[in-house]
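Here are the chains, one letter per residue:
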Amino acid sequence: TQWRSLINSWIAKKDYPADIKDAFDAFFTKYVGDSLLWLLINTKSIVPIEDMNRVQVLLNMLDGCLNEKNTSAPEALEVAFVYCTVWALGSNLCVSDDGTDNRKLFSDWWRGEHKQVKFPSRDTIFDYWLDPDTNTFDSWTKSPFFYSVDFDSRETPMTQVTVPTPETCSVAYWMDLLVKMRKPIMLAGPAGTGKTQLINGMLNKFDPSKNVSATINFNFYTTSAVLANTMAIPLEKKTGSNYGPHGTTKLVYFVDDLNLPEVDTYNTQSAIAHLRQHMEYEHCYELQKMTMKNISNTQVVSCMNPTAGCFYINPRLQRWFATFAISLPGSTSLLTIYQTFLDGHLKSFSDEVKQQGTNLIKAAMGLHTLVSSTFRKTAANFHYEFNIRHISNVFQGLLVSHPDQFPSVEKFVLLWLHESERVYGDRLVNSSDFSKYNTLE
């Protein structure tokens, strides 16, 4: 198959000793072929992914993770190889519409099939990172990408802060690794799962003297001409027909809602075709003068919601991205996120109010769960869709309160009830639904 040729070419270019090259060949034979076949038969990825794409992502991850320590012996190499293989093949797996957790399925199959490299027995194989210093697996909470955030609502808006959780710090690790290698990445998941926030959190950490970013939001009316003009804004002319970002900086285009442009009569999207040409050939054409523009030192990261727009993008573009499925955070992660925000805001409040912070978060999460399960989306009420954005809006309202106006717990709880009614109640369409909502509170 084609991906075997890609692997042989990759191994041939490496200058490792003969025994390490032989080990690579054996590991690819042992782990990759059967895994790809099993994934094809038994799982569903969040967007259609070709085998060639998975193998290319594996090679990119290996390039980023291999070092002198884990390539010193075949035994150490196998640990790093398994770690990269698990993420390259399984990063795009998600929870299916019928509730099947494809990542857990893959994790259980992998543990039963491959026992040479052992992961810790708790949770899934995706819940552990490989410590490069010791070449052993440990929880993501022990990695440098998991840290506590000291939040102060008076200085920083809630929307500009990314709170690490075990789910997000694993994606942040791979994003940081691949973007530094100038490889395209994509976060795919339903609305309100924090995809845009994760990307922005990474982009905000850039050194502006070395890396800059430009955000491009796709919509139904985005065409190739509109995209070309938008992508040209942060570029400057170098020499002749060569263009690039200012000075010696490198530019990262963040393309949000990648699958939203209109699909034309021929089942294509001109903006997608233009972006693919830009990524593959690093040039585009000036439509007025019909001359070619060479564009250097740029790369692309993207987000998309596969439940909206045209659902999927052209596989000729999809094949370039390392795709990560982003699902809704669990209750523990949500508690961590909103406790960071609320505890940071309540520092100047009375001790009585501070002590009720955790209880208030649990009550808000419980109400959100009840509202989501009670008011289902229908053809008539298609906007009855409640996700993390709505619970975040409730807490945004709480974070503008002042301690002198809310000295007691009772008043602060009343503020929470008011904000919840503003967020959830205002979306309800008739008095009977509103009365049902009041019984939930």
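Right, let's walk through the structure included here. (Residues numbered from 1 in each chain as written. Predicted model: local features only at pLDDT ≥ 70, side-chain atom pairs only at ≥ 80, totals over all residues. Heavy atoms only, no water.)

**Considerations on empty space enclosed by the protein**
Next up, step 1: Tallied over the entire structure, the rule returns 1 cavity of 30 Å³ or more.
Next up, step 2: Roughly 30 Å³ of internal volume is contained in the largest cavity.
Next up, step 3: As for the largest cavity, its lining consists of Ile49, Asn53, Arg54, Val57, Ala88, Ser91, Asn92, Phe321, Ala322 and Thr323.
Next up, step 4: Ranked by the residues each element gives to the lining of the largest cavity, the list is headed by helix H3 (residues 51-65), at 3 residues. (1 Å grid on protein atoms, 1.4 Å probe; cavity = no way out; pocket = protein on both sides within 12 Å on 5 of 7 lines; lining within 4 Å. Points joined across faces, edges and corners; volume = space filled by probe spheres on them. Helix = DSSP H or I, 4+ residues; strand = E, 2+ residues; numbered from the N terminus.)

**Quick word on the environment of Asn381**
Next up, step 1: Structurally, Asn381 can be placed in the loop between helix H13 (357-374) and helix H14 (388-398).
Next up, step 2: For Asn381, a relative accessible area of 18% corresponds to the buried category.
Next up, step 3: Along the primary structure Asn381 and Pro234 are separated by 147 residues, whereas in three dimensions their C-alpha atoms are 42 Å apart.
Next up, step 4: Once residues lying within four places of it in the same chain are set aside, the contact partners of Asn381 are Arg376 and Val429. (Buried < 20%, exposed > 50% of the residue type's maximum accessible area, 1.4 Å probe, protein only. Contact = heavy atoms within 4.5 Å.)

**Regarding helix H15 (residues 409-423)**
Next up, step 1: Over its 15 residues, H15 runs 21 Å from end to end, which matches the ideal 21 Å to within 8%, given 1.5 Å per residue.
Next up, step 2: The set of residues buried in H15 consists of Val409, Phe412, Leu415, Trp416, Glu419, Ser420 and Val423. Within H15, the buried residues cover an arc of 135 degrees as seen down the axis, which keeps them to one side. Opposite the packed face of H15, turned more than 90 degrees from it, sit the exposed residues Glu410 and Leu414.
Next up, step 3: Packed against the buried residues of H15 are helix H11 (331-345), helix H12 (351-354), H13, H14 and helix H16 (431-440). (Expected span 1.5 Å × (residues − 1). Arc of directions from axis to C-beta.)

**Digging into the sheet that holds strand S8 (residues 283-286)**
Next up, step 1: Read across the open sheet, the 4 strands follow the order S5-S6-S9-S8; overall the sheet is mixed. Sheet topology places strand S5 (235-237) and S8 at the edges, where each strand pairs with a single neighbour. Ignoring strand direction, the axes of neighbouring strands in this sheet form an average angle of 35 degrees.
Next up, step 2: Of the strand pairs in this sheet, strand S6 (residues 242-245) and strand S9 (residues 291-295) are connected by 2 bridges, and their pairing is parallel. Within S9, the residue paired with Tyr243 across the bridge is Ile295.
Next up, step 3: Contacts between helix H9 (residues 270-281) and the sheet are confined to S8 and S9, with S8 contributing the most and set at about 125 degrees to the helix. (Pairing = 2+ DSSP bridges. Axes fitted to C-alpha atoms, helices over the stretch in contact; angles between N-to-C directions.)

**Structural notes on a nonpolar patch on the surface**
Next up, step 1: On the surface, a nonpolar cluster with roughly 350 Å² of combined accessible area is contributed by Leu37, Leu40 and Ile41.
Next up, step 2: Tracing the sequence through the fold places Ile41 in helix H2 (residues 18-42).
Next up, step 3: By relative accessible area, which is 61% here, Ile41 ends up exposed. (Patch = residues over 30% accessible without salt bridge, like charges linked within 9 Å, V, L, I, M, F, W, Y side chains within 5 Å. Areas by Shrake-Rupley, 256 points an atom, 1.4 Å probe, with all protein chains shown as cover. Salt bridge = Lys/Arg side-chain N within 4 Å of Asp/Glu carboxyl O.)

**A short note on the packing of helix H1 (residues 2-13) against H2**
Next up, step 1: H2 packs onto H1 with a crossing angle of 160 degrees between their chain directions and a minimal axis gap of 11 Å. Taken together, the axis directions place H1 and H2 in an arrangement best described as roughly antiparallel. Read as a crossing pair, H1 and H2 show a hand that is right-handed. Residues Trp3, Arg4, Ile7, Asn8, Trp10, Ile11 and Ala12 of H1 lie in contact with H2, whose contacting residues are Lys21, Phe24, Asp25, Phe28, Val32, Gly33 and Leu36.
Next up, step 2: Considering only residue class, the contact of H1 with H2 consists of 9 nonpolar, 2 polar and 3 charged. (Parallel < 35°, antiparallel > 145°, perpendicular 65-115°, else oblique. Left-handed = near helix turned anticlockwise from the far one by under 90°. Nonpolar A, V, L, I, M, F, W, Y, C, P; charged D, E, K, R; others polar.)

**Regarding the nonpolar core**
Next up, step 1: Phe24, Phe28, Leu62, Tyr83 and Trp174 are the most contacted members of the largest nonpolar core, which totals 67 residues.
Next up, step 2: In terms of residue count, the dominant contributor to this core is helix H4 (residues 74-90) (11 residues).
Next up, step 3: Residues within four places of Phe24 in sequence aside, it is in contact with Trp10, Ile11, Tyr16, Leu62, Leu66, Leu77 and Phe81.
Next up, step 4: The next biggest cluster of nonpolar side chains, apart from the first, holds 36 residues, and it includes Leu398, Leu415, Tyr424 and Leu428. (Core = buried A, V, L, I, M, F, W, Y, C linked by side-chain atoms within 4.5 Å.)

**Re the packing of H3 against H4**
The description of two helices packed together rests on the angle between their axes and the distance between the axes.
Next up, step 1: Contact geometry of H3 with H4 gives a least axis separation of 9 Å together with a crossing angle of 140 degrees. In terms of axis orientation, H3 runs oblique to H4. Between H3 and H4 the crossing geometry is right-handed. Across from Arg54, Val57, Leu58, Met61, Leu62 and Cys65 in H3, the residues of H4 making contact are Ala80, Phe81, Tyr83, Cys84, Thr85, Trp87, Ala88 and Leu89.
Next up, step 2: Tallied by class, the residues present in the contact of H3 with H4 amount to 12 nonpolar, 1 polar and 1 charged.

**Quick word on the environment of Leu36**
Next up, step 1: Structurally, Leu36 can be placed in helix H2.
Next up, step 2: For Leu36, a relative accessible area of 3% gives the class buried.
Next up, step 3: It is 40 Å that separates the C-alpha atoms of Leu36 and Val371, two residues lying 335 residues apart in sequence.
Next up, step 4: For Leu36, the residues in contact, after removing those within four places along its chain, are Trp3, Asp51, Arg54, Val55 and Leu89.

**Details of the pattern of salt bridges**
Next up, step 1: Following the criterion strictly, the structure yields 12 salt bridges and no others.
Next up, step 2: The salt bridge involving Lys30 is made with Glu78; its shortest N-O contact spans 3.2 Å. Of this pair, Lys30 sits in helix H2 while Glu78 sits in helix H4; the two residues are 48 residues apart in sequence, bridging distant segments of the chain.
Next up, step 3: Classification of Lys30 by relative accessible area gives partly exposed; the value is 35%.
Next up, step 4: The partner of Lys104 in a salt bridge is Asp108, and the shortest N-O contact between them spans 3.1 Å. In this pair, Lys104 and Asp108 both sit in helix H5 (residues 102-113), 4 residues apart, roughly one turn of the helix.
Next up, step 5: In the salt-bridge network here, residues are joined through shared partners; they are Arg276, Glu280 and Arg319.

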